[in-house]
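# Summary of structural features
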Amino acid sequence: LVFLVIARSIRPLKLLFPTCGPLVAVAVVDGAMEGEGPSDWGLFQRTWVIVRHGSNASKVSRYAIPGSSGETSVVVRKPIEGDGTALQYGDFARKTSPSEEALAWYCITHAGVFSHKTVLEVGAGLGFAGLVLCSVADLTSLDITDGDPAIVDVLGQNVEMNKDKLRKVPTVKKLLWEKSSDTAGAQYDIIVAADVVYCEDSHEVLLSTLRRSLLPGGYVLMFASRRNGSLDRFLVKARSVFQHVKQSTTYDERVSQLFRGQKCFPVMARLWSDDASEHLSAQLTQVKAEWEKQKEATLLAEQQAEEDRQERELLLKRRRDDLAQRARLRAELIEAREPTPEPQPEAAPPRLVVTHGEGPSDWGFFHRRWHMDPNGDANTKVIIYQVNSKLGDASLEIRRPDPVPLMHGDGARKLSPAGEVLGWYISKHRKMFARKRVLELGCGLGFCGIVAATTTEAASVCLSDGDPVMVAAAKCNVKVNQNETRSLVDVAQIHWENCDQRPTGQFDVVIGADVMYWDASHEALLLTAFQALVPGGQALLFGPKRCGSLDRFVLAAQTGKWGKVEVSASYSPTVNSLFKGMQCLPIMVRLWKPAKQRMARSAPPGGAKGRALREQRAQSLREDEEKVKLDQQQAHKQRRDQLATRHMSRMMRHRSHDVIPSREGNVPQGLLPALSPSRSCSGDLEIVRADRREGRTLCPLPPGPSRTRRTRRMDSPFLGELGVVGYAADRYDLGSLSQR
C-alpha cells in the first residue's frame, strides 16, 4: 500500500524508468531487483522491478506497446509474496499466459475492430490484455471481471496505476459465472477472454454467461491453448449454444512463428449467432437444467461418500478400542501370575550391527557372499567371490573401502559389467595367460588381476592404477588373497600421461576393463599399452559403447602403430544372453603389437668388410636371444621362490609348535624341512626325521611314492615322531634346517 501511494503521487511512475533517480535509489536500498528484456512469451519488451514492503512482495512490470512512439506503456503489478497470493481458483491467475499475450497482441494489430464498442473481459487475471486494449482503441466502455476477490483487488490497483495513460478507463467488477445476478443482461458487443476453458466443470456455466451477456449480432473472441483437449471439448459444447463456431491458428504471422510446434500455441476461437431466437433460449435453458442436474448428482455422491467414510472410521475406532481393552486385560493377567522383576540396568547398545548377504554378483557371472567388516572400519564392505576354473575353485576376498574422493570418480570402487566379464573371460581362457607376464591397467580394486593370478598359470601379474587410493586398496586385496594366487603378484602406480612411469617391453599381455570411456586419455592409454608389451604381445580390453567413446578409441588404435585391431560383441553366447537388449554390453577389443622384424637390407659386400658386418649382425641376434632367455629364467625363479615360501607358511600353520632341543637351537617338534629351489632334483623325495633322544637330524629315508602336496604325521616306536611332506619332486629338494 505504501508503494502504491508513492507511485500514485509521482507522475509519471518513475520507479520503472532507469532515467529517474530518487525512486530507483529507494528500490536499491530496500534490496529490490530490477531488469529488462522480452516478456515471458516474447511478444513484448518490458522493464521490471521487484519491490518488498514488510512481508509483501510484488513484481511491477512496464510493457512497451509495439509500433507506438515509445511513450505508450502499460504497468502491471503481480503479487509474489503476502497479500494477493492466496487465490481461490489456483495460482494460474497470477501469471501472464501465452494466450493473454496473444490476445493483447491481437488488440494492438486489430484496434479498429473494437472502436466504439462495449467490451467485456471475463477471467481477466492481472488485466494485462484489457489494459492494452484501453490504451490502443477508442472504446465505448470496457468491463474487466474476475471471480476471485483477491484478483479483483489487484485489478483495481493496476487500473489505478495506468488510468492517466489510457484512452478509456475500464471498470473492474467481480463476476461469478454461476450467478446470473452478476450480469445485467445483454449489453456487450464483444466479449474477450484468454485461457478460461481449462476447467471443464465450468464449461456449461461459462457458455450460459457468454450467451446471456451478448447483444444481438455480437460475438465472443477467445484465445486458449488446446491443453489436453479441453478447448476442443468446449467448442463441441459451444456449437449447441452458438450458431457459428470458428477457430484459427493463422490469425497473425508473428504469433505463428513464435509458437510454431509448441503445445501452448494460442488458438483463436470466435463464437457468434445471427440473431437471438426462442430456440436458442430453449437450448440455453436445457443446458442450464442439465448442468444443475449434474451438479445435484455430484452433491449427492459426495454426501454418500462422506457418510461411508464416517461409518468406516467408526468401525475402525470400535475395533481399536476392542483390541486395546484385550491388551490391557492380558497385561493385568500376566502381571497377576508373575512377580514383578527388579529393574535391570539397560545394556549398552551393540557397537556395530553387521549386515551380510549372499547371492549372485551384480551382473550374474559369480556367486558371492558379503558382509560389513566387523573388525575394521564399519563402512568397509567385504565381498567373497566364488571363482570356478579348470585348475579348481577359489574364494577371492575383495575389500571395498569407504567412499572417498577419487581422482577419476567413484566408479573405480565398484565392479562394473566390463570388470565382471573380463574376470569371467580370464577364468575360461586360462591358456591365453599360461607362462605369460600380465599387466592390468586401471585395476581399481584389483579383481581381474587377482583372478588372472589365481585361475591361470601366468608367470607374473602386475596391477596398476593412477589413483593412490585405489593402489592402496589393490595392495590390501592382494595381501588378503596371497594364499589363493598361483602367480607372482605386484602392485604399481602408473600414470599413463607420465612417461617415466610407463613400463617398456616387460609384459606379454595387457588387460583392462572400463578404461576407454575418457576420450582425453585414449592417446596416453594406447601409448602405455604399446610400450609395455613385448613384440608380438597383445592387449585385451573390455568396455561398453558409452556415448561413442569406444568407437573413437578403436579409430585411434587403427590409425596408430598397432599391427592388428579386432572388435567383437559376440565373443560369448553367455555374455550376450545376460546383457541382451542392454546398453552396457561389454565389447571386447584386442590389439596386437607387431612382432620384431628384421629390416630388409641389401646383401653385405664381400671381403673383410662383409664378414665384419655378418659377424656384427649375428652377435646382435645372439645378445637379443640371451636377454629374452635371462628374463624368462628370472621370472621362473621368482615364481618358484614364491611357491616355496607359500607352502612353508601353510605347513607352519598346520603343525604343532612344541619345541625340542637341537644342535642348531630350538626346533619345532616333528618335521620342518627347508626348501631350496632347484632344477637339479632327479625326482627323489627326501624325508627327514627329528629324533627325540639325540635331538639331531638323521639320514634321509628312501623316496616316497607321492608327488602331491600333503602333510601327515606318523608315530613309530623306534623312529619317534616322523613328519612326511610330499612335494612336486621335479622342482624342489628337501635340505637341512641349518641350510634354511
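First, a word on scope: everything that follows refers to the structure included in this document. Predicted, not measured: the structure shown is a model, and the values here were computed from it.

Let's shift gears to helix 13 (residues 522–532). Within helix 13, eight of the eleven residues are buried, which leaves it mostly tucked inside the rest of the structure. Within helix 13, burial applies to His522, Ala524, Leu525, Leu526, Thr528, Ala529, Phe530 and Ala532.

Moving on, we come to the packing of aromatic side chains. Here the structure, examined in full by the defined rule, presents 19 aromatic pairs. Measuring from ring centre to ring centre gives 5.3 Å for Phe44 and Phe128, while their planes differ by 90°; the resulting arrangement is edge-to-face. With Phe44 in the loop between strand 1 (33–38) and strand 2 (45–53) and Phe128 in helix 4 (residues 128–136), this pair connects stretches of sequence that are 84 residues apart. The interplanar angle of 80° and the centroid separation of 6.4 Å between the aromatic rings of Phe259 and Phe265 together place this pair among those described as edge-to-face. You'll find Phe259 and Phe265 in the same group, each marked buried. Taken together, the ring pairs in this structure connect Phe44, Tyr63, Trp105 and Phe128 into an aromatic cluster.

The subject of this paragraph is the sheet that holds strand 2. With respect to topology, four strands assemble into an open sheet ordered 1-2-3-4, the strand pairing being antiparallel. Edge strands, defined here as strands with exactly one partner in the open sheet, are strand 1 and strand 4 (73–81). Between one strand and the next, the sheet's axes are offset by a mean angle of 20°, whatever the strand orientation. With six bridges connecting them, strand 1 and strand 2 associate as antiparallel partners. When the bridges of strand 2 are listed, Pro38 appears paired with Gln45. Across the sheet, helix 4 touches strand 3 (56–64) and strand 4, and the angle it forms with strand 4 is around 165°. Contacting strand 3 and strand 4, helix 5 (residues 149–162) crosses the sheet at an angle of about 145° to strand 4.

Attention now moves to unusual backbone geometry. For His116, which is not glycine, the phi dihedral falls at a positive 60°. Tracing the backbone through its elements, the reader meets His116 in the loop between helix 3 (98–109) and strand 5 (118–122). With a phi angle near 55°, Asp195 is a residue other than glycine that sits in the positive phi range. Assessed through its relative accessible area of 7%, Asp195 is described here as buried.

Turning to the pattern of salt bridges, a few remarks are in order. One pass over the full model with this rule turns up 15 salt bridges. Taken together, the shared-partner salt bridges in this structure form one network comprising Glu306, Arg309 and Glu313.

Right, let's get into the pairing of strand 9 (residues 214–224). The buried fraction of strand 9 amounts to eight of the eleven residues, a majority that puts the element mostly inside the structure. Taken together, the six bridges between strand 8 (residues 188–194) and strand 9 define a ladder with parallel strand orientation. Pairing of Tyr188 across the sheet is with Leu214, part of strand 9. For the handedness criterion, the β-α-β arrangement of strand 8, helix 6 (residues 203–213) and strand 9 is classed as right-handed. Pairing between strand 9 and strand 11 (residues 267–272): six bridges, direction antiparallel. Looking across to strand 11, one finds that Tyr219 is bridged to Trp272.

On to the nonpolar core, then. Core analysis: the largest hydrophobic core is formed by 77 residues, its most contacted members being Phe114 and Phe242. With near-sequence residues (within four places) excluded, Phe242 lies in contact with Leu207, Leu210, Arg211, Leu214, Val220, Leu271, Trp272 and Ser273. The next biggest cluster of nonpolar side chains, apart from the first, holds 72 residues, and it includes Leu415, Leu441, Val478 and Ala524.

Conventions and cut-offs
Residues numbered from 1 in each chain as written. Predicted model: local features only at pLDDT ≥ 70, side-chain atom pairs only at ≥ 80, totals over all residues. Heavy atoms only, no water. Buried < 20%, exposed > 50% of the residue type's maximum accessible area, 1.4 Å probe, protein only. Helix = DSSP H or I, 4+ residues; strand = E, 2+ residues; numbered from the N terminus. Phe/Tyr/Trp six-rings, centres within 6.5 Å; stacked < 30°, edge-to-face > 60°. Pairing = 2+ DSSP bridges. Axes fitted to C-alpha atoms, helices over the stretch in contact; angles between N-to-C directions. Contact = heavy atoms within 4.5 Å. Salt bridge = Lys/Arg side-chain N within 4 Å of Asp/Glu carboxyl O. Right-handed = clockwise from strand over helix to strand, strands pointing away. Core = buried A, V, L, I, M, F, W, Y, C linked by side-chain atoms within 4.5 Å.

These results come straight from atomic positions and should not be treated as a statement about function.
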